[in-house]
Amino acid sequence: MDKILEVKDLVVGYKGKNGFVRAVDGVSFDINKGETICIVGESGSGKSVTSMSIMRLVEFENGKILNGEISFKGESLTTKKADEMRKIRGSKISMIFQEPLTALNPVFTIGKQISEAILFHHKIGKEEAWKEAEKLVRLVGISDPEGRLKQYPHELSGGMRQRVMIAMALASEPELLIADEPTTALDVTIEAQILELLRNLREEKKMSIMLITHDIGVAAEMANRIIIMYAGKIMEIANTLDIFEQPLHPYTKGLLESVPKMDGQRGVPLKSINGSIPSLNEIPDGCRFSPRCPFATEKCHQEAPAMETRGDRQVACWHVDYLLEHSLLDVEEEGEISIES
Amino acid sequence: MNHSQEETSAATKEPLLKIENLKKHFSIKGGGMFNSKRKIVKAVDDVSFHIYKGETLGLVGESGCGKSTLGRNILRLQEPTEGRVFYKNTNILEQNNRELRKLRKEMQIIYQDPFGSLNPRFTIGQIIGEMYEIHGIASGLEKEAKVKEMLELVGLDPSRYHSYPHEFSGGQRQRVGIARALALNPEFVVADEPVSALDVSVQSQVINLLMKLKKELGLTMLFIAHGLNVVRHISDRVGVMYLGKLVELSETDNIFDHPAHPYTAALLSTVPEADPKLRKVRIVLKGEVPSPANPPSGCRFRTRCPLATELCVQEAPSLKEIRDEHFVACHFPLEKGQSLKEAIELLNKEKIAN
Ligand SMILES: Nc1ncnc2c1ncn2[C@@H]1O[C@H](COP(=O)(O)OP(=O)(O)OP(=O)(O)O)[C@@H](O)[C@H]1O
Ligand SMILES: Nc1ncnc2c1ncn2[C@@H]1O[C@H](COP(=O)(O)OP(=O)(O)OP(=O)(O)O)[C@@H](O)[C@H]1O
Ligand code: SF4
Ligand code: SF4
Ligand SMILES: [Mg+2]
Ligand SMILES: [Mg+2]
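Everything numeric in this text was worked out from a predicted model, so none of it was measured.

A.B. asks: What should I look at first to understand the overall build of chain A in this one?
C.D. replies: The secondary structure content of chain A amounts to 14 helices and 12 strands. Taken over the C-alpha trace, chain A has a radius of gyration of 21 Å; the compact-globule value for 341 residues is 20 Å, and the two agree within 12%. Taken along its principal axes, the extent of the C-alpha atoms in chain A is 70 × 50 × 40 Å. When each of the 341 residues of chain A is scored for burial, the buried share is 58%. Of the contacts formed within chain A by residues at least 6 apart in sequence, a portion of 63% connects residues at least 24 apart.

Right, dumping it as C-alpha cells:
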C-alpha cells in the first residue's frame, strides 16, 4: 500500500527549568493512502503534540523536534524551511484544531476566513469563493449558510465554531487531514453527519485521515487502525476489530472498560484506571504504565518494554502472553500475579 | 428497589432555581452577501422550568439549540431579553451589581471552550487563585495551598501551579476551568460540556468528582452535554431542547426508557456504541436543522418530525405534564410503556406510511 505519512522515532520536547521535557518520546507509525487511523489515549498523552509536530507547529510554542523523521509522500517534513512548510500546511495537509477558538480569528467574519482559505488554493474570484464557502458550511450541517457567513466566531455556538473549522480545513481538499478531536462539541446527530462526510471524502478523494479522539465509539466507527498512546509513547497499534476483540495491552483494556455504558447502572462511580497519567518530569522508570498497571511485575518497574510485532499488530508490554490468558478479574482475585519472565 | 435511584435522589423537591418565561434574542445581519437587513435569532425562546436543590439536571439537544445561551442567561452572564430567574426566591435579573457579586460566589460556570475562557497572560495559579482573592477568602501561601488542593482534585499535577494555559493539553485546560469553578464550593454550577473534551478515564474521574460533590455538599448542577451516556449516568432529571425551546423534561429513566417526544426518541437512537459489533441502525433525522432566525411555524420540530400533521403546522405545542413529572411539548407524544425500541419502530412505520 501507498504510505502517505511516515513518522519514525519522533521525540518532541519543551524547554523547562531543567532542560527539555519530552511530551512525545520515540513514536513511530505510518498512514496509508485513503486510510483512517485513530490516535486514542488519555489527556496529556501527547496526541496533540504529535499532530502539531507533523504540521511543524510545535516550534511556535517553545517546542522542538529533538529527534526522528517525519515524511510526507516520501519527502522529509522535518527539514523543510518555514516558508515551504507554510505552503504544505492548509493545502496538502490540513488540520482541524482541538479548540476552535485557538484557530479562528475573532475579528473576521466566518465567511471571510473560509473564503480566504479557498482563495489561498484556488484561482477564482472573491464572489465565487464566497459561494464555495457557503457550500462548505452547508456541508457541515449549518443551516442558513448565507447568514452565518456574515457572523463572527463569538456569535456562533460551540458546535458551530467547531464545524466552521472543519469546513476551513476541508476548503483546500487536503490529501492528509489531521483532525484533533473534531467532534467533541457536537451532538450525536451532527457528529454522525460529520463522520459520514469524512468517510465519503476518504472514499471519493482517497483522503487519508489521522483522527485524534478520546471517544472509543468514534474510533470504532471510523478507524482502519487504532494507535493507543500513553505518556508520550505508543502502547499498541492494531486493526480496529482486533483492538476491541482482544486488546493486547493492559492500558488498552483499561481504556475500553472505563466507557460509561448505555445500559450500565446509573449513579454509581464509573470504572476508571487507577491513578493518573504521570507529569512529564516524573516519568517512571521501566514501563511508563507500570505504577497503574494491575499486571506489573518487578521487571516492568525496571525495564521499559520495546515495541514488539505480533502478526499484523504491534504492542509494547512484557506480559502480553499472560494477559492473553488471564482477565483483570483473575488478578484482582489472586491479589497478585506470578509470572516467570 | 433500585439502589442507584436511591443514591441519586438526594435531591429534594424544593426548587433552588425557578426559571420563568426566559427569552434571549440576538439581532444579527441578514442573509446574502449584500443584504444588510437585520434578523432576530431566538436562541432561547420562552423557557420555563425548575431546578431542585441538590439535583443534577442534564440538558441535551442539537448543536446550536440554545443550551449554552440558556446556561449563561440563568447566571446572568448575559442579559436576558425577557423573563425571570429566581434563585432562592430572589429574582436575579432584578439585582444590582453589588448584590450580584455576592451571588457569583455561590453560582459558577464551567465554560464549554476552555481556551477562550482562560486568560493566556496569567498562570493557572493566578487564574484559580484569583477566585479566593476576589472574594477575600485566602491570599498568599494559604491561597497557594488551596489552589494546589483544587488542582489535585481535578487530577492535575500541583507542581504546574506556575504554568500558563497554552502549556497544557486540551483536556488539562478543561480541568483548570473545572477547578476554577469549584474553588469556592459553589451551591449551583452550570457545567457546559465539562467532560466532552476529556478522555474516558479522566472523564470518569471528573464525573465521579462531580457526583461526590453533589452527594457530600449538596451541589446543584445544570449539566449541559451531548454525550447521552454521560448525561444518563449523572443526571437525576433530563431536559431536552430543540431550536430554543424546552421540548421534554422528566426523570432520567423516564426520558431514556419512555421518551415521549419524537425528537428525544430519534436522538436516543443515535448513540454510538463503544463496540463495532453493536453498531445499530440510526434514525438520522430528515432535513436540516432550521435556522433559529427563521424557525418553522407551529411546532419547531415539524419539518423533521415523522409524526407531524396539519395541527403541528398550525399550532405550537406548549410544555405540558402528560404523566407524573413528565413534561412534553408535543401534540402527539409517545405513549408510556412503549419501549424506546417500539417508539423507534413506530417512527419508522409512520415514515414508510408517509
Ligand atoms: N507549550 C507547551 N509547553 C509545555 N508543555 C506542553 C506544551 N504543550 C503541551 N505540553 C505538555 O505535553 C503533554 C502532551 O500534551 P498534548 O497536548 O499532546 O496532550 P493530548 O494527548 O493532546 O491531551 P488532550 O486529550 O488533553 O488534548 C502534556 O503534559 C502537556 O502539558
Ligand atoms: N452573541 C451572539 N450573537 C448572535 N447570535 C448568538 C450569540 N450567541 C449565540 N448565538 C446564537 O444562538 C443560538 C444558540 O447558541 P448556543 O451557543 O446557546 O447553542 P448550544 O446549544 O450551546 O450549541 P452547542 O452544542 O453547539 O454549543 C445559535 O444559533 C447561535 O448562533
Ligand atoms: S510492561 Fe508490565 S507494567 Fe507495562 S503494561 Fe505490560 S504488564 Fe503492565
Ligand atoms: S407537535 Fe407534531 S411535529 Fe411537533 S413533535 Fe409533536 S408530532 Fe412532531
Ligand atoms: Mg490534545
Ligand atoms: Mg454550547
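Once the structure has been displayed, the description carries forward.
A.B. asks: What is the right way to look at the overall build of chain B in this model?
C.D. replies: Counting its regular elements, chain B contains 13 helices and 12 strands. By residue count, 56% of the 354 residues in chain B fall in the buried class. When contacts within chain B are restricted to residue pairs at least 6 apart in sequence, long-range pairs at least 24 apart make up 64% of them.

A.B. asks: What is the right way to look at helix 5 (residues 124-134) of chain B in this model?
C.D. replies: Each α-helix winds once per 3.6 residues, and so residues spaced three or four apart point in a common direction. All names here are of chain B. Ile-124, Gly-125, Ile-127, Ile-128, Gly-129, Met-131 and Tyr-132 are the residues of helix 5 that are buried. Along its buried surface, helix 5 packs onto strand 6 (107-110), helix 6 (140-153) and helix 7 (170-182). Gly-136 sits one or two residues past helix 5 and shows a positive phi near 60°.

A.B. asks: Would you mind showing me how to read the packing of aromatic side chains here?
C.D. replies: Two descriptors summarise a pair of aromatic rings, namely the distance from one centre to the other and the angle between the planes of the rings. Residue and element names in this part refer to chain B. According to the stated counting rule, one finds 7 aromatic pairs over all chains in the structure shown. Measuring from ring centre to ring centre gives 5.0 Å for Tyr-242 and Phe-301, while their planes differ by 80°; the resulting arrangement is edge-to-face. Of this pair, Tyr-242 sits in strand 9 (residues 237-242) while Phe-301 sits in the loop between helix 11 (262-268) and helix 12 (310-314), placing them 59 residues apart in sequence. For Tyr-242, a relative accessible area of 2% corresponds to the buried category. Residue Phe-301 is classed as buried on the basis of its relative accessible area of 1%.

A.B. asks: What exactly am I supposed to notice about the coordination of the magnesium ion (ligand 6) here?
C.D. replies: Note on metal geometry: ideal angles are 109.5 degrees for four donors arranged tetrahedrally and 90 or 180 degrees for six donors arranged octahedrally. Donor atoms from the polypeptide that bind the magnesium ion (ligand 6) are Ser-68 of chain B (OG) and Gln-112 of chain B (OE1), placed at 2.0 to 2.2 Å. Residue Ser-68 of chain B is found in helix 2 (residues 67-74), and its partner Gln-112 of chain B is found in the loop between strand 6 and helix 4 (114-117); the two are separated by 44 residues along the sequence.

A.B. asks: What should I look at first to understand the coordination of the magnesium ion (ligand 5) in this one?
C.D. replies: Residues and elements named next belong to chain A. Looking at the magnesium ion (ligand 5), the protein donor atoms are Ser-48 (OG) and Gln-98 (OE1), and they sit 1.9 to 2.3 Å from it. Residue Ser-48 is located in helix 1 (residues 47-54), and its partner Gln-98 is located in the loop between strand 6 (93-96) and helix 3 (100-103); the two are separated by 50 residues in the primary sequence. Owing to a relative accessible area of 22%, Ser-48 belongs among the partly exposed residues under this scheme. Residue Gln-98 is classed as buried on the basis of its relative accessible area, which comes to 15%.

A.B. asks: I'm lost on the domain arrangement of chain B in this one. Help?
C.D. replies: It is common to give the size of an interface as the accessible area that goes away when the parts come together. All names here are of chain B. The domains assigned to chain B are domain 1 (3-106 + 186-353) and domain 2 (116-185). Listed by partner, the interface residues are 15 residues for domain 1 and 12 residues for domain 2. Here domain 1 meets domain 2 over a buried area of about 1200 Å², counting both sides, of which 74% is carbon and sulfur. Three residues, Lys-105, Pro-186 and Leu-209, lead the burial of domain 1 against domain 2; their summed loss comes to 41% of the area buried on that side. Linking domain 1 with domain 2 are 0 salt bridges. One can count 1 residue pair in polar contact (both at pLDDT 80 or more) joining domain 1 with domain 2. For the side of domain 1 that touches domain 2, the elements supplying multiple residues, two or more each, are helix 3 (97-106) and helix 8 (200-217). Ranked by residues supplied to the side of domain 1 that touches domain 2, first place goes to helix 8 with 6 residues. Looking at side-chain class alone, the side of domain 1 that touches domain 2 contains 11 nonpolar, no polar and 4 charged residues.

A.B. asks: Could you clarify how one ought to interpret the sheet that holds strand 1 (residues 3-16) of chain A in this entry?
C.D. replies: All names here are of chain A. In space, the 4 strands of this open sheet follow the order 2-1-4-5, with antiparallel pairing throughout. The open sheet terminates on both sides in strands that have one partner only, identified here as strand 2 (19-32) and strand 5 (75-76). Note that strand 1 and strand 4 (residues 63-72) share 8 bridges and pair antiparallel. When the bridges of strand 4 are listed, Leu-5 appears paired with Phe-72. Strand contacts of helix 1: strand 1, strand 2 and strand 4, with the helix running at about 115° to strand 1, the strand carrying the most contacts.

A.B. asks: Help me out: how do you make sense of the nonpolar core in this one?
C.D. replies: Considering soluble globular proteins, one finds that nonpolar side chains tend to be buried as a cluster. Residues and elements named next belong to chain A. Val-40, Ile-114, Leu-170, Ile-226, Ile-228, Tyr-251 and Leu-255 are the most contacted members of the largest nonpolar core, which totals 65 residues. No other element matches the 7 residues that helix 7 (residues 158-170) contributes to this core. If we skip the residues at most four places from it in the chain, Tyr-251 touches Gly-41, Glu-42, Ile-228, Met-229, Tyr-230, Met-235, Ile-273 and Phe-289.

A.B. asks: Which parts of the structure should I look at to understand the site of ligand 4?
C.D. replies: Residues in close proximity to ligand 4 total 13 residues, the closest being Cys-299, Cys-305, Cys-312, Cys-330 and His-331 of chain B. Partitioned by chemical class, the residues of the shell around ligand 4 number 10 nonpolar, 2 polar and 1 charged.

A.B. asks: When you look at the sheet that holds strand 10 (residues 233-239) of chain A in this model, what are you seeing that I'm missing?
C.D. replies: By way of backbone hydrogen bonds, the strands of a sheet pair with one another, either parallel or antiparallel. Residue and element names in this part refer to chain A. An order of 6-7-8-3-9-10-12-11 is seen for the 8 strands of this open sheet, with the pairing classed as mixed. The open sheet has two edge strands with one neighbour each: strand 6 and strand 11 (308-310). Ignoring strand direction, the axes of neighbouring strands in this sheet form an average angle of 20°. By the bridge criterion, 4 bridges tie strand 3 (residues 36-40) to strand 8 (residues 208-212) in an arrangement that is parallel.

A.B. asks: Before we go on, may I ask you to explain the packing of helix 4 (residues 110-121) of chain A against helix 7 of chain A in this structure?
C.D. replies: Packed helix pairs are characterised by how far apart their axes lie and by the angle those axes make with each other. All names here are of chain A. Contact geometry of helix 4 with helix 7 gives a least axis separation of 8 Å together with a crossing angle of 20°. Judged on the interaxial angle alone, helix 7 and helix 4 are roughly parallel. Regarding helix 4 and helix 7, the two cross each other, and that crossing is right-handed. Across the interface between the two elements, Ile-110, Gln-113, Ile-114 and Ala-117 from helix 4 touch Val-164, Ala-167 and Met-168 from helix 7. For the contact of helix 4 with helix 7, the class distribution of residues is 6 nonpolar, 1 polar and no charged.

A.B. asks: Could you clarify how one ought to interpret the site of ligand 1 in this entry?
C.D. replies: Ligand 1 sits among 21 residues. The nearest are Ser-43 and Ser-48 of chain A together with Arg-160, Ser-169 and Gly-171 of chain B. Those chains with residues close to ligand 1 are chains A and B. With respect to ligand 1, the side chain of Arg-160 of chain B contributes an N or O atom lying 2.7 Å from an oxygen atom. Here an oxygen atom of ligand 1 and a backbone polar atom of Gly-170 of chain B are 3.3 Å apart. Coverage of ligand 1 by the protein amounts to 94% of the 650 Å² it exposes when considered alone. The set of elements that each furnish at least two residues to the shell around ligand 1 consists of helix 1 of chain A together with helix 7 of chain B. Residue composition of the shell around ligand 1, grouped by class: 5 nonpolar, 11 polar and 5 charged.

A.B. asks: What am I meant to see in the pattern of salt bridges here?
C.D. replies: Using the criterion set out here, one finds 33 salt bridges over all chains in the structure. A salt bridge links Arg-310 of chain A to Glu-308 of chain A; its shortest N-O distance comes to 3.3 Å. On the accessibility criterion, Glu-308 of chain A (29% relative accessible area) is partly exposed. Glu-187 of chain B is paired through a salt bridge with Lys-53 of chain B; the nearest N and O atoms lie 3.4 Å apart. Taken together, the positions of Glu-187 of chain B in the loop between helix 7 and strand 7 (188-192) and Lys-53 of chain B in the loop between strand 2 (38-52) and strand 3 (56-60) put the pair 134 residues apart, joining distant regions of the chain. Exposure remark for Lys-53 of chain B: the relative accessible area of 31% places this residue in the partly exposed category. Salt bridges linked by common partners bring Lys-3, Asp-30, Glu-35 and Arg-225 of chain A together as one network.

Here is what the cut-offs are and how they apply
Residues numbered from 1 in each chain as written. Chains lettered and ligands numbered in written order. Predicted model: local features only at pLDDT ≥ 70, side-chain atom pairs only at ≥ 80, totals over all residues. Heavy atoms only, no water. Helix = DSSP H or I, 4+ residues; strand = E, 2+ residues; numbered from the N terminus. Rg over C-alpha atoms; globule rule 2.2 N^0.38 Å. Buried < 20%, exposed > 50% of the residue type's maximum accessible area, 1.4 Å probe, protein only. Contact = heavy atoms within 4.5 Å. Phe/Tyr/Trp six-rings, centres within 6.5 Å; stacked < 30°, edge-to-face > 60°. Donors = N, O, S within 2.8 Å, 3.2 Å for Na, K, Ca; no water. Domains from an automatic or database assignment. Buried area = accessible area lost by both parts, 1.4 Å probe. Salt bridge = Lys/Arg side-chain N within 4 Å of Asp/Glu carboxyl O. Polar contact = N/O pair within 3.5 Å; in protein donor to acceptor, adjacent residues only side chain to side chain. Nonpolar A, V, L, I, M, F, W, Y, C, P; charged D, E, K, R; others polar. Pairing = 2+ DSSP bridges. Axes fitted to C-alpha atoms, helices over the stretch in contact; angles between N-to-C directions. Core = buried A, V, L, I, M, F, W, Y, C linked by side-chain atoms within 4.5 Å. Near = heavy atom within 4 Å. Parallel < 35°, antiparallel > 145°, perpendicular 65-115°, else oblique. Left-handed = near helix turned anticlockwise from the far one by under 90°. Areas by Shrake-Rupley, 256 points an atom, 1.4 Å probe, with all protein chains shown as cover.

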